[in-house]
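Listed here are the chains, written in short residue letters.
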2 protein chains.
Amino acid sequence: MADEKPTRRRNAEETRSAILASARRAFAESGYDGAGLRGIAEAAGVTAMMVGRYFGSKEQLFAEVVADTMRDPVILSADNLGSPQMAREFARALVGLSTPGQAVLDGFRVMWASGGSEVAARIAREQIRTVHHATAEGLVRGDHAPERAAILLSLVAGVQLMRQQIGLPALADADPEVLAGLLEPVIAVVLGVA
Amino acid sequence: MADEKPTRRRNAEETRSAILASARRAFAESGYDGAGLRGIAEAAGVTAMMVGRYFGSKEQLFAEVVADTMRDPVILSADNLGSPQMAREFARALVGLSTPGQAVLDGFRVMWASGGSEVAARIAREQIRTVHHATAEGLVRGDHAPERAAILLSLVAGVQLMRQQIGLPALADADPEVLAGLLEPVIAVVLGVA
DNA sequence: CTTGCAAGTCTACACTCGTATACTTATATC
DNA sequence: GATATAAGTATACGAGTGTAGACTTGCAAG
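Residues numbered from 1 in each chain as written. Chains lettered and ligands numbered in written order. Predicted model: local features only at pLDDT ≥ 70, side-chain atom pairs only at ≥ 80, totals over all residues. Heavy atoms only, no water.

(A) How the structure looks around the protein's contact with DNA strand C. If you check the shell around DNA strand C, you find 21 residues, and the closest are T47(A), Y54(A), L37(B), M49(B) and K58(B). Taken together, the sugar and phosphate atoms account for 53% of what DNA strand C places within 4 Å of the protein. Note that a phosphate oxygen of DNA strand C is positioned 2.5 Å from one of the side-chain N or O atoms of T47(A). Within the contact set of DNA strand C, a base nitrogen lies 2.8 Å away from a side-chain nitrogen or oxygen of R38(B). Those elements giving two or more residues to the surface near DNA strand C turn out to be α1 (12–34) and α3 (48–55) of chain A together with α2 (37–43) of chain B. The element best represented in the surface near DNA strand C is α3(A), accounting for four residues. Looking at side-chain class alone, the surface near DNA strand C contains eight nonpolar, five polar and eight charged residues. (Near = heavy atom within 4 Å. Polar contact = N/O pair within 3.5 Å; in protein donor to acceptor, adjacent residues only side chain to side chain. Helix = DSSP H or I, 4+ residues; strand = E, 2+ residues; numbered from the N terminus. Nonpolar A, V, L, I, M, F, W, Y, C, P; charged D, E, K, R; others polar.)

Given below as structure tokens:
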């Protein structure tokens with residue numbers, strides 16, 4: 001057989017994903033402007049220049065990070081669309097009690113971290129529109145689906161922001177079960193499955 | 001009479017508030033890191049050094065801007081506490097159909113703009129806790145008031161973020177009356193006045 | 001073993017940031 | 001009108017940023 005890539009010389013693929021993971025963490029923690037390429041590279045075990053080699057620019061790196069977190073636009077399985085059960089599952093996912101859609105929740109952290117940077121905001125905007133479209137088509141039913149999907153995303157973004165970034169005690173330290181119980185009827189109203 | 005301050009020499013007070021207003025706009029637009037002292041000063045008609053003279057440092061300037069937007073922690077008048085009417089007024093205020101609490105809504109824009117900056121995040125955190133406390137005490141009734149107040153603030157922050165910063169079309173371009181109509185029952189559930 | 005080429009590093013450049021010091025200008029009082 | 005003083009400006013510095021080009025090193029094939 002040809003065996004074109006037997007062991008990976010100095011591990012190009014692995015380095016690339018290491019940079020991506022490091023960047024994701026750095027952007028979520030320090031924001032687009034706050035995270036430096038030198039720090040991202042160092043955490044990945046390489047030099048800052050490798051970032052430029054692999055991703056072209058900081059802007060493109062951020063775009064790839066955001067796209068990576070949003071890779072799975074389906075927040076919930078489509079098993080129980082339109083049922084009250086959906087609101088419960090959504091609420092539990094939002095407070096971290098279930099795993100599906102965690103990548104998307106991470107994505108909101110990254111996007112919030114975009115701060116006011118022009119390029120970061122543009123990238124975040126495009127990704128959010130994609131997610132919004134998927135949500136409006138796949139999750140929300142009835143009248144004003146786009147608007148209700150947008151309200152749902154706003155709630156998700158706001159809760160993530162307050163929990164993860166601000167660390168508002170009433171949300172960050174609260175019992176997830178209690179939070180899920182409080183969020184469920186709210187989400188049900190938004191989804192129109194109350 | 002003494003007439004201690006007849007016409008104000010070169011208008012110290014006015015310059016100070018001009019810088020404050022300019023900073024508020026710049027922070028909301030470009031974020032804490034993105035907004036530069038030179039740009040803020042230029043928009044206020046002075047040099048960058050005046051900012052240092054009047055506020056000491058960029059960090060202190062930001063703190064004062066945030067405190068300024070949060071000066072009025074009462075989002076709504078306490079006239080109809082606990083009535084379903086309250087949810088309606090709150091919803092209309094949130095989409096800009098009524099004026100009360102607009103400063104606080106601006107505040108969430110400024111705070112989102114804090115991005116991942118350490119100092120900005122800390123300042124935003126403190127202010128949000130103050131508002132949260134006021135909300136939990138004055139607006140929300142019943143069980144789990146702190147948690148429900150936090151969910152309400154999350155919704156406010158998320159909607160502001162999506163409308164003003166991201167510019168999600170479904171929210172930014174939608175008819176405010178429609179949006180208010182959709183938000184009203186959601187807020188009613190959060191407030192427990194449904 | 002030699003050689004080609006990708007993987008990775010070093011050094012440096014142009015730029016912007018926040019801030020400090022020294023200077024200039026306008027205003028109000030004597 | 002002279003003068004003290006606050007308001008405002010000019011210049012510059014050191015640090016940190018993203019990025020570019022030349023260099024070095026390791027791996028795999030001839």
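From this point, things continue past the structure.
(B) Spotlight on the nonpolar core. With 134 residues, the main nonpolar core has F27(A), L61(A), F27(B) and L61(B) as its most contacted residues. In this view, F27(A) contacts Y32(A), A35(A), I40(A), K58(A), L61(A), F62(A), V65(A), V110(A) and A113(A); residues no more than four positions away in its chain are not counted. (Core = buried A, V, L, I, M, F, W, Y, C linked by side-chain atoms within 4.5 Å. Buried < 20%, exposed > 50% of the residue type's maximum accessible area, 1.4 Å probe, protein only. Contact = heavy atoms within 4.5 Å.)

(C) View of the side chain of H132(A). Among the structural elements, H132(A) can be located in helix α7 (residues 118–138). Residues contacting H132(A), with those up to four places away along its chain left out, are P146(A), A149(A), A150(A), L153(A), L168(B) and A170(B).

(D) Geometry of the environment of G34(B). Residues and elements named next belong to chain B. Mapped onto the elements of the fold, G34 is located in helix α1 (residues 12–34). Overall, the relative accessible area of 43% leaves G34 in the partly exposed class. Separated by 80 residues in sequence, G34 and S114 have C-alpha atoms that sit 9.3 Å apart.

(E) Structural view of the interface of chain B and chain A. If you look at the interface, chain B gives 46 residues, while chain A gives 47 residues. Buried surface at the junction of chain B and chain A, both sides included, amounts to about 3,600 Å², of which 80% is carbon and sulfur. For chain B, the biggest contributors to the area lost against chain A are W112(B), I151(B) and I166(B); these three give 16% of the whole. Across the contact surface, chain B and chain A share zero salt bridges. Scanning the region where chain B abuts chain A turns up six residue pairs in polar contact (both at pLDDT 80 or more). The element contributing the most residues to the side of chain B that touches chain A is helix α8 (residues 145–166) of chain B, with 15 residues. Within the side of chain B that touches chain A, the residues separate by chemical class into 27 nonpolar, 13 polar and six charged. (Buried area = accessible area lost by both parts, 1.4 Å probe. Salt bridge = Lys/Arg side-chain N within 4 Å of Asp/Glu carboxyl O.)

(F) Just helix α3 (residues 48–55) of chain B, in detail. Residues and elements named next belong to chain B. When we look at burial in α3, the residues that qualify are A48, V51 and F55. Taken down its axis, α3 places every buried residue within 50° of arc, on the same side. Of the exposed residues in α3, those oriented more than 90 degrees away from the buried face are M49 and R53. Looking at the packing, one finds that the buried side of α3 touches α1, α2 and α4 (58–69). At the C-terminal side of α3, G56 shows a positive phi close to 90°. (Arc of directions from axis to C-beta.)

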